[in-house]
Amino acid sequence: MNWDEDTETTERDESFAADAGADRLVGGGADSEDSAVEAALRPKDLEEFVGQERVREQLDLVLRAARARGATADHVLLSGAPGLGKTTLSMIIAAEMGAPIRITSGPAIQHAGDLAAILSSLQEGEVLFLDEIHRMSRPAEEMLYMAMEDFRVDVIVGKGPGATAIPLELPPFTLVGATTRAGLLPPPLRDRFGFTAHMEFYAPTELERVLHRSAGLLEVELEPEGAAEIAGRSRGTPRIANRLLRRVRDYAQVKSDGVITRETAAQALDVYEVDARGLDRLDRAVLHALLKLFGGGPVGLSTLAVAVGEERETVEEVAEPFLVREGLLARTPRGRIATLGAWSHMGLEPPRQAPLAGNGQQDLFGA
């Protein structure tokens, strides 16, 4: 399979997974409601931004130095799971530099001409935010190399032997690229970013700060214990924490006095089928099938998907990443295997010859 075919397959799978997980309360993707609320809740500068302490410190140095020189900031690459603040940081970069920002995405740029039209209309110092940059087409990607390095693009006029390349000078600009799949970026593109940062998942205490800030903006009374309960079920992701906060707020207004306590938060999230560890219906269905139907595995992905009643891509791209990160499921050459943590979380007794024990270090073949 060549590069283009492989990329097309990857993009199709990512698009399918995004659509499949769009309606999940604990999904990392943003729907239209999330986008509208996030716009109101986003911090406006690095001082307000919660979490990602190392990234904030490094980025602050980069931006201060650029302002001191009177130059545009270096190109920035932000990688990490959805919902961790990549878009928010791009807007903060523009605000800190006092520059306008233009937002687009890799899937929207399918031809070099699409990118050329955007680049040629940029103002000096403008910030171009390119979300899901790894999904940009190959011709556009190659044009971006020269634009980032030399602030120039070659526009091809005509076809065949008579085609002419006309160089087009670009004003200095800052590209902020965001990706959830940094490994898919070719090295020539990664090397052209002056600053690269990886966004980590948030600690519960950081999410509590995010929730208290959001509750203040939403004019919701949130007790510390209620914030801790929501934070513990938010999968380390601010977007999910804010989404759960809104659902708990609804429950508190209808079923209680509007104050979010620990009991109210727990009852509300139980109604929405988000358990104490952040697993939802799909996650638990995967674990239930793996444990009850297949004795903890190993079992093939396709078989597991059929047992759950979901598409293979949904299980692999939507449910498994969090289960693996939580140490509840392991991917092995022989198939999916449940860890002892999965048996414990589901309240089941593991068989005497469990496929994996402890942290999953036991030899798969029983040695």
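Note that this is a predicted model, so its numbers are computed, not measured. (Residues numbered from 1 in each chain as written. Predicted model: local features only at pLDDT ≥ 70, side-chain atom pairs only at ≥ 80, totals over all residues. Heavy atoms only, no water.)

Asks: What's the story with the overall build of the protein chain in this structure? I'm lost.
Replies: Helix and strand counts for the protein chain stand at 15 helices and 11 strands. Per-residue burial for the protein chain yields a buried fraction of 46% across its 367 residues. Here the protein chain has roughly 17,500 Å² of accessible surface; of this, 50% comes from carbon and sulfur atoms. (Helix = DSSP H or I, 4+ residues; strand = E, 2+ residues; numbered from the N terminus. Buried < 20%, exposed > 50% of the residue type's maximum accessible area, 1.4 Å probe, protein only. Areas by Shrake-Rupley, 256 points an atom, 1.4 Å probe, with all protein chains shown as cover.)

Asks: Explain the packing of aromatic side chains to me, please; I cannot follow it from the model alone.
Replies: Geometrically, a pair of aromatic rings is defined through the distance of the ring centres and the angle of the planes. Within the structure shown, the criterion is met by 1 aromatic pair. Between Phe151 and Phe173, the ring centres sit 5.5 Å apart and the planes meet at 80 degrees, which makes this aromatic pair edge-to-face. You can see Phe151 sitting in the loop between helix 6 (138-150) and strand 4 (152-157) and its partner Phe173 sitting in the loop between strand 5 (164-169) and strand 6 (174-179), a full 22 residues away along the chain. Overall, the relative accessible area of 22% leaves Phe151 in the partly exposed class. Positioned over the ring face of Phe322 is Arg235, at 3.9 Å from the centre of the ring. (Phe/Tyr/Trp six-rings, centres within 6.5 Å; stacked < 30°, edge-to-face > 60°. Lys NZ or Arg CZ within 6 Å of the ring centre and 35° of its normal.)

Asks: Just to check I follow, could you spell out the packing of helix 8 (residues 204-218) against helix 9 (residues 224-232) for this structure?
Replies: Any two packed helices are characterised by the angle at which their axes cross and by the distance between the axes. Following both chains from N to C, one finds helix 8 and helix 9 inclined at 120 degrees, their axes separated by 9 Å at the closest point. Between helix 8 and helix 9, the angle is such that the two are oblique. Between helix 8 and helix 9 the crossing geometry is right-handed. Listed contacts from helix 9 to Pro204, Leu207, Glu208, Leu211 and His212 of helix 8 are Pro224, Ala227, Ala228, Ile230 and Ala231. Tallied by class, residues from the contact of helix 8 with helix 9 come to 8 nonpolar, 1 polar and 1 charged. (Axes fitted to C-alpha atoms, helices over the stretch in contact; angles between N-to-C directions. Parallel < 35°, antiparallel > 145°, perpendicular 65-115°, else oblique. Left-handed = near helix turned anticlockwise from the far one by under 90°. Contact = heavy atoms within 4.5 Å. Nonpolar A, V, L, I, M, F, W, Y, C, P; charged D, E, K, R; others polar.)

Asks: I'm lost on the pattern of salt bridges in this one. Help?
Replies: Once the charged atoms of two side chains with opposite charge are near each other, the side chains can pair. This structure, assessed with the given rule, holds 20 salt bridges. Here Arg67 makes a salt bridge to Glu96, at a shortest N to O gap of 3.6 Å. Here Glu96 lies in helix 4 (residues 86-97) and Arg67 lies in helix 3 (residues 53-69), a separation of 29 residues in the sequence. Arg192 is paired through a salt bridge with Glu149; the nearest N and O atoms lie 3.3 Å apart. Within this pair, whereas Arg192 is found in the loop between helix 7 (187-190) and strand 7 (195-198), its partner Glu149 is found in helix 6, the two being separated by 43 residues in sequence. (Salt bridge = Lys/Arg side-chain N within 4 Å of Asp/Glu carboxyl O.)

Asks: Please explain a nonpolar patch on the surface as it appears in this structure.
Replies: A surface patch of nonpolar side chains, amounting to about 200 Å² of accessible area, comprises Val155, Ile166 and Leu168. Along the chain, Val155 turns up in strand 4. A residue is classified by how much of its surface remains accessible, and Val155, at 31% relative accessible area, is partly exposed. (Patch = residues over 30% accessible without salt bridge, like charges linked within 9 Å, V, L, I, M, F, W, Y side chains within 5 Å.)

Asks: Which parts of the structure should I look at to understand the nonpolar core?
Replies: Most often, soluble globular proteins keep nonpolar side chains buried together rather than apart. Membership of the largest hydrophobic core comes to 47 residues, with the highest contact counts inside it found for Leu59, Leu89, Leu211, Leu222, Ile230 and Ile260. Counting residues per element, this core draws most heavily on helix 10 (residues 238-255), at 7 residues. What Ile230 contacts, discounting residues up to four positions off in sequence, is Leu211, Leu222, Ala241, Leu244, Leu245, Val248, Ile260, Ala265 and Leu269. Core analysis: the next-biggest nonpolar cluster, separate from the first, contains 24 residues, Ile109, Ile118, Leu128 and Leu170 among them. (Core = buried A, V, L, I, M, F, W, Y, C linked by side-chain atoms within 4.5 Å.)

Asks: Honestly, the sheet that holds strand 1 (residues 76-79) in this entry has me stumped. Any pointers?
Replies: Sheets are built from strands paired through backbone hydrogen bonds, the pairs being either parallel or antiparallel. Ordered by their spatial adjacency, 5 strands build an open sheet running 2-3-6-1-7, and the pairing between neighbours is parallel. Two strands bound the open sheet, and with one partner strand each, they are strand 2 (101-105) and strand 7. Recorded for the sheet is a direction-independent mean angle of 15 degrees between the axes of neighbouring strands. Pairing analysis gives 4 bridges linking strand 3 (residues 127-131) to strand 6, with the strands arranged parallel. Across the sheet, the residue bridging to Leu130 is Gly177, located in strand 6. Sitting on the sheet, helix 3 is in contact with strand 1 and strand 7, with an inclination near 165 degrees to strand 7. (Pairing = 2+ DSSP bridges.)

Asks: Hey, could you run me through the side chain of Arg56 in this one?
Replies: Note that Arg56 resides in helix 3. According to the relative accessible area criterion, Arg56 is buried, its value standing at 15%. Within the local environment of Arg56, its side chain forms a polar contact with the backbone oxygen of Phe49, the two atoms lying 3.3 Å apart. Every residue in contact with Arg56, bar those within four places of it in the chain, is listed here: Leu46, Glu47, Phe49 and Gly51. (Polar contact = N/O pair within 3.5 Å; in protein donor to acceptor, adjacent residues only side chain to side chain.)

Asks: Looking at this structure, how should I read unusual backbone geometry?
Replies: Negative phi values dominate among residues other than glycine, just as trans dominates among peptide bonds. Even without glycine at this site, Phe151 takes up a positive phi of about 50 degrees. For Arg235, which is not a glycine, the phi torsion comes out positive at approximately 60 degrees. In this fold, Arg235 is placed in the loop between helix 9 and helix 10.

Asks: For this particular structure, what's the right way to read the pairing of strand 10 (residues 329-332)?
Replies: It is a general feature of regular strands that their side chains alternate between the two faces of the sheet. Here strand 10 pairs with strand 11 (residues 335-338) via 4 bridges, running antiparallel. For Arg331, the partnering residue across the bridge sits in strand 11 and is Arg336.

Asks: Which parts of the structure should I look at to understand the packing of helix 9 against helix 11 (residues 262-271)?
Replies: Taken N-terminus to C-terminus, the directions of helix 9 and helix 11 make an angle of 30 degrees; their axes are 7 Å apart at the nearest point. Of the possible angle classes, the one that applies to helix 9 and helix 11 is roughly parallel. Across from Glu225, Gly226, Ala228, Glu229 and Ile230 in helix 9, the residues of helix 11 making contact are Arg262, Ala265, Ala266 and Leu269. Of the residues that constitute the contact of helix 9 with helix 11, the class distribution is 5 nonpolar, 1 polar and 3 charged.

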